[in-house]
Amino acid sequence: MLENQTTQNYEMNKNYAGQFRETEITLPPQPHTIMRPTHCMLDLETLGTRPGSVITSIGATKFDERGTYGTPFYMRIDMQSCVDVGMFIDTETIKWWMKQSDEARSEFQKKSVELSYALTQFGIWCDNEDAKARNEHNCAVVHLWGNGANFDNVILKAAYDAVGMQAPWKFYNDRCYRTLKAMYPHIKMPKRVGMHHNALDDAISQVNHLILLPCFQKLCSAENQAEMDRLQGELLL
């Protein structure tokens, strides 16, 4: 018989990388509940390096100190739909893409979706049942990680601005994977998932590296302790 409080079950969940992990399943958080933030690793493939550049694909995965979990996000974006809202193509980036593998460049020829549709779906994905934290409006609290303080996150935010949509994360919740990995040059990325310059494969590979870094583990420990302190405080009320 189910109790009214959170019910915990365990199931084996096969993630994108093809590895099994034990995942804790809980009932959806209730409104006005603030818990640990949801960490999301973002990777973009683009035709430029500045905000406003055309985006060709978005890859992202949710993760914690143990690794990835939940359903990852991946969409290829129609380049013309980006140009139509004023986004631009950089010729130097086109030259760079011409030097990449045939496999990576073949993604440009596959089925794609309109930019506005991809951005809408990304927002829905950020706020789905995999999200751990909710703010006072019952919206997901997303900490969005990118590979560089001035690349993935800011280019995606510029895309939201271009179509007149609100981004599904707050600017103060931007996080930089590149900064943290520079602190530990001796800790190398483990074997990569998939191929180079596939947005989802890159995002998952970056998570597999980030969780090895002591500073990220310390961050998660602090979040866990803060959550325990909050729960204990509620019990004392």
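The structure this text deals with has already been given above.
The text that follows walks through the structure, step by step, so that each part is easy to find. Here, residues in each chain are numbered from 1, in the same order as that chain's written sequence. Confidence filtering applies because this is a predicted model: local features only for residues at pLDDT of at least 70, side-chain atom pairs given and counted only at 80 or more, and all residues used for totals across whole chains, interfaces and linings. Note that water and hydrogens are dropped before the side-chain values are worked out from all heavy atoms of the structure.

### Points about the pattern of salt bridges
Where charged atoms of side chains with opposite charge meet at close range, the side chains can pair. For clarity, the threshold we go by: Each reported salt bridge corresponds to a side-chain nitrogen of Lys or Arg within 4 Å of a carboxyl oxygen of Asp or Glu. Each residue is placed in one exposure class: buried if its accessible area under a 1.4 Å probe, protein chains only, is under 20% of its type's maximum, exposed if it is over 50%, and partly exposed if it falls in between.
Under the criterion given, the structure shown has seven salt bridges. Among the ionic pairs, E107 bridges to K110, the shortest N-O distance being 2.7 Å. Overall, E107 belongs to the buried group, its relative accessible area being 11%. By relative accessible area, which is 38% here, K110 ends up partly exposed. One salt-bridge network, in which partners are shared between bridges, spans R76, E107 and K110.

### A few points about the packing of aromatic side chains
This is how it is decided: Aromatic pairing here means that ring centres of Phe, Tyr or Trp (its six-membered ring) are within 6.5 Å. Orientation follows from the plane angle: under 30 degrees is stacked, over 60 is edge-to-face, and everything else is tilted. Only DSSP runs of H or I with at least four residues qualify as helices, and only runs of E with at least two residues qualify as strands; both kinds are numbered from the N terminus onward. Here, a charge over a ring is recorded when the distance from Lys NZ or Arg CZ to the ring centre is within 6 Å and its angle to the ring normal is within 35 degrees.
Counted under the stated rule, the structure contains ten aromatic pairs. The interplanar angle of 75° and the centroid separation of 5.4 Å between the aromatic rings of F73 and F122 together place this pair among those described as edge-to-face. With F73 in strand 5 (residues 67-76) and F122 in helix 4 (residues 115-126), this pair connects stretches of sequence that are 49 residues apart. We classify F73 as buried; its relative accessible area is 5%. Joined through ring pairs, the aromatic side chains of F63, W145 and F216 make up one cluster. When the ring centre of W125 is taken as reference, the NZ or CZ atom of K62 above it lies at 3.6 Å.

### Things to note about the side chain of S57
Heads up, the condition is: Only heavy atoms enter the contact rule, under which two residues are in contact if any of them lie within 4.5 Å.
Within the element layout of this structure, S57 appears in strand 4 (residues 55-64). Those residues in contact with S57 that lie beyond four places of it in its chain are D43, L44, E45, Y74, M75, R76, I77 and A199.

### Comments concerning the sheet that holds strand 3 (residues 38-46)
To be explicit about the condition: Two strands are counted as paired when DSSP detects at least two bridges linking them. Axes, fitted as lines to C-alpha atoms, cover a helix only where it is in contact. Angles between the N-to-C directions of the axes lie from 0 to 180 degrees.
Here we have five strands laid out as an open sheet, ordered 5-4-3-6-7, and mixed in their pairing. A strand with exactly one partner marks an edge of an open sheet, and here the two such strands are strand 5 and strand 7 (174-176). Across this sheet, the average inter-strand angle for adjacent strands is 25°, counted without regard to direction. One ladder, built from four bridges, connects strand 3 with strand 6 (residues 142-146); its direction is parallel. By the bridge assignment for strand 6, T38 is matched with V142. On top of the sheet, helix 5 (residues 152-163) reaches strand 3, strand 4, strand 6 and strand 7; it is set at about 80° to strand 3, its chief contact. Running at roughly 30° to strand 4, helix 7 (residues 199-210) makes contact with strand 3, strand 4, strand 5 and strand 6 of the sheet.

### As for the pairing of strand 3
Of all nine residues making up strand 3, nine are buried, and the element is well covered by its neighbours. Side chains T38, C40, L42, L44 and T46 of strand 3 all project onto a buried face; the interleaved residues H39, M41, D43 and E45 project onto the opposite face, where all are buried too. Pairing of strand 3 with strand 4 involves eight bridges; the strand directions are antiparallel. Bridge pairing in strand 4 links H39 to F63.

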